[in-house]
Amino acid sequence: MPNRDTPPLRPDRSWSRFAAVFVLLFVLYQASESLQTRFAPGHAAGPALMFAMLLVAWPLGRWLGWRGYDAYALDLRPASLWLLLAGLVVAVAAKMLTLQVGKQLGILAAADQVAHLSLSWAALALLTTFVPSIAEDILTRGIVLRSLPSSLGPWSFVLLSALLYTANHLWRFDWGWTEQFRLFCLGLAYAAAAWRWQTLWAAVALHWGWNLGSALADGMLPVDVVDVPGFRLISAGAHLLLLVLVLLLPRRAGRA
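Participant: What should I look at first to understand the overall build of the protein in this one?
Facilitator: Along its length, the protein carries 8 helices and 2 strands. From first element to last, N terminus to C terminus, the protein shows the α and β order α-α-α-β-α-α-α-α-β-α. A compact globule built from 256 residues should have a C-alpha radius of gyration of about 18 Å, and the protein, at 18 Å, falls within 12% of that. Counting only C-alpha atoms, the protein reaches 55 × 40 × 35 Å along its principal axes. Summed over all atoms, the accessible surface of the protein reaches about 12000 Å², with 71% contributed by carbon and sulfur. Of note, the protein has its 19 positive side-chain charges centred 12 Å away from the centre of its 13 negative side-chain charges.

Participant: Any chance you could explain a nonpolar patch on the surface here in plain terms?
Facilitator: The grouping of Trp 177, Phe 181, Leu 233 and Leu 240 at the surface amounts to a nonpolar patch, some 400 Å² of accessible area in total. Elements represented by at least two residues in the nonpolar patch include exactly α6 (177–197) and α8 (228–248). As for its position among the elements, Leu 240 is in helix α8.

Participant: So what exactly am I meant to see when it comes to the packing of helix α1 (residues 15–39) against helix α4 (residues 119–147) here?
Facilitator: The axes of two packed helices give the description: the angle between them and the distance between them. Contact pair α1 / α4: the axes reach a minimum separation of 11 Å and the direction vectors enclose 165°. Classified by the angle their axes make, α1 and α4 are roughly antiparallel. Crossing geometry of α1 relative to α4 is assigned as left-handed. Residues Phe 18, Val 21, Phe 22, Leu 25, Phe 26 and Tyr 29 of α1 form the contact with α4, whose own contacting residues are Pro 132, Ala 135, Glu 136, Ile 138, Leu 139, Ile 143 and Ser 147. Taken together, the residues of the contact of α1 with α4 break down into 11 nonpolar, 1 polar and 1 charged.

Participant: Looking at this structure, how should I read α6?
Facilitator: Residues spaced three or four apart along an α-helix point in a common direction, a consequence of the helix completing one turn every 3.6 residues. The end-to-end C-alpha distance of α6 is 31 Å, a good match for the 30 Å that 21 residues give at a rise of 1.5 Å each. Of all 21 residues in α6, 18 are buried, a share of seventy percent or more. The positive-phi residue at the C-terminal boundary of α6 is Gln 198, with phi of around 50°.

Participant: Looking at this structure, how should I read unusual backbone geometry?
Facilitator: A negative phi angle characterises most non-glycine residues, just as the trans form characterises most peptide bonds. Within the chain, Ala 73 stands out as a residue other than glycine whose phi angle is a positive 65°. Turning to its location among the elements, Ala 73 is positioned in the loop between α2 (45–63) and α3 (78–104). On the accessibility criterion, Ala 73 (1% relative accessible area) is buried. If you check the backbone angles, Gln 198 has positive phi at about 50° while not being a glycine. Overall, the relative accessible area of 2% leaves Gln 198 in the buried class.

Participant: Just to check I follow, could you spell out the pattern of salt bridges for this structure?
Facilitator: Once their charged atoms are close, side chains differing in charge can pair, the charge on each being opposite to the other. Going through the model one piece at a time under the given rule, you end up with 6 salt bridges. A salt bridge links Asp 137 to Arg 141, with the shortest nitrogen-to-oxygen separation between them at 2.5 Å. One end of the pair, Asp 137, and the other, Arg 141, are both in helix α4, 4 residues apart, so they sit about a helical turn from each other. Taken as a pair, Asp 137 and Arg 141 share a single burial class, namely buried.

Participant: Got a minute to help me understand the layout of surface pockets in this structure?
Facilitator: Taking a probe equal in size to a water molecule and rolling it over the atoms shows the remaining empty space. Space inside the largest pocket adds up to approximately 1300 Å³. Looking at the largest pocket, it is lined by 45 residues, and the ones nearest its centre are Thr 129, Arg 172, Arg 182, Asn 211 and Ser 214. Secondary structure elements with two or more residues in the lining of the largest pocket: α1, α2, α3, α4, α6, α7 (200–220), β2 (223–225) and α8. Along the lines of polarity and charge, the residues of the lining of the largest pocket split into 24 nonpolar, 12 polar and 9 charged.

Participant: So what exactly am I meant to see when it comes to the packing of aromatic side chains here?
Facilitator: We describe a pair of aromatic rings using the distance from one ring centre to the other and the angle between the two ring planes. Taken as a whole and judged by the stated rule, the model has 8 aromatic pairs. Ring centres of Trp 15 and Phe 18 lie 5.5 Å apart, and the angle between their planes is 90°; this geometry places the pair in the edge-to-face category. Pair noted here: Trp 15 and Phe 18 are both in helix α1, with a separation of 3 residues, about one helical turn. On the basis of relative accessibility, which here comes to 52%, the residue Trp 15 falls in the exposed class. Residue Phe 18 is classed as buried on the basis of its relative accessible area, which comes to 15%. Measuring from centroid to centroid gives 6.0 Å for Phe 39 and Trp 171, while their planes differ by 90°, and the two rings are edge-to-face. Here Phe 39, found in helix α1, pairs with Trp 171, found in the loop between α5 (154–167) and α6; they are 132 residues apart in sequence, far enough to count as distant. Note on Trp 171: relative accessible area 25%, which makes it partly exposed. Taken together through their ring pairs, the aromatic side chains of Trp 15, Phe 18, Phe 22 and Phe 26 make up a single cluster.

What counts, and at which threshold
- Residues numbered from 1 in each chain as written.
- Predicted model: local features only at pLDDT ≥ 70, side-chain atom pairs only at ≥ 80, totals over all residues.
- Heavy atoms only, no water.
- Helix = DSSP H or I, 4+ residues; strand = E, 2+ residues; numbered from the N terminus.
- Rg over C-alpha atoms; globule rule 2.2 N^0.38 Å.
- Areas by Shrake-Rupley, 256 points an atom, 1.4 Å probe, with all protein chains shown as cover.
- Lys, Arg positive; Asp, Glu negative; His and termini not counted.
- Charge placed at Lys NZ, Arg CZ, Asp CG, Glu CD.
- Patch = residues over 30% accessible without salt bridge, like charges linked within 9 Å, V, L, I, M, F, W, Y side chains within 5 Å.
- Salt bridge = Lys/Arg side-chain N within 4 Å of Asp/Glu carboxyl O.
- Axes fitted to C-alpha atoms, helices over the stretch in contact; angles between N-to-C directions.
- Parallel < 35°, antiparallel > 145°, perpendicular 65-115°, else oblique.
- Left-handed = near helix turned anticlockwise from the far one by under 90°.
- Contact = heavy atoms within 4.5 Å.
- Nonpolar A, V, L, I, M, F, W, Y, C, P; charged D, E, K, R; others polar.
- Expected span 1.5 Å × (residues − 1).
- Buried < 20%, exposed > 50% of the residue type's maximum accessible area, 1.4 Å probe, protein only.
- 1 Å grid on protein atoms, 1.4 Å probe; cavity = no way out; pocket = protein on both sides within 12 Å on 5 of 7 lines; lining within 4 Å.
- Points joined across faces, edges and corners; volume = space filled by probe spheres on them.
- Phe/Tyr/Trp six-rings, centres within 6.5 Å; stacked < 30°, edge-to-face > 60°.

Right, here's the structure in full:
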């Protein structure tokens, strides 16, 4: 992999360890998703399992020979945290613009609901969109970025990560090709950001920001989706534009 500012303790390139860590995180993530989407919506067990996955990821990262979460390219450098903030703002703005485009095209319509935005509601939205976003980023981007050989190259990583991200949505396989295409485009933009800046925070920023934008829109500007496939395609297009933006922006100084 490219040179990093924080070296690992004793990186283990064993495929058996990589596979074991990936499978365990995958099982925890899917168990949480299955409870929240199919078997026990609204039950605390689903979010609790997602949070447990984040906690378990730290000792698993140590087992792989890295400094805990650095096994998933989650560092604490100030530059990475600024990147997180900037990407978060960009992604929220992109989501809001996408909603406006959807309204203009007649794909979305103003919902007959009352806005319910408050400080406590906004804080809850920040938390409930952050945890699943970073959990999925660890699983479909972070562990792959750190563990696979750099000889794959950037586009091999981006394509592999995007396919993994699409396949990770097991409970959406019956939603039609527009949903799979949308997920793939999301995966391209997020994976490209992670590779370009060699930190998972770049992907988390866009992923979390997009989900946070959706939550904030539900509270401030609730809408009804008139054309579901059409809205998925607009979202896919927005992420292709984010992908272009990622490729055009310069890398941070000192990064490979």
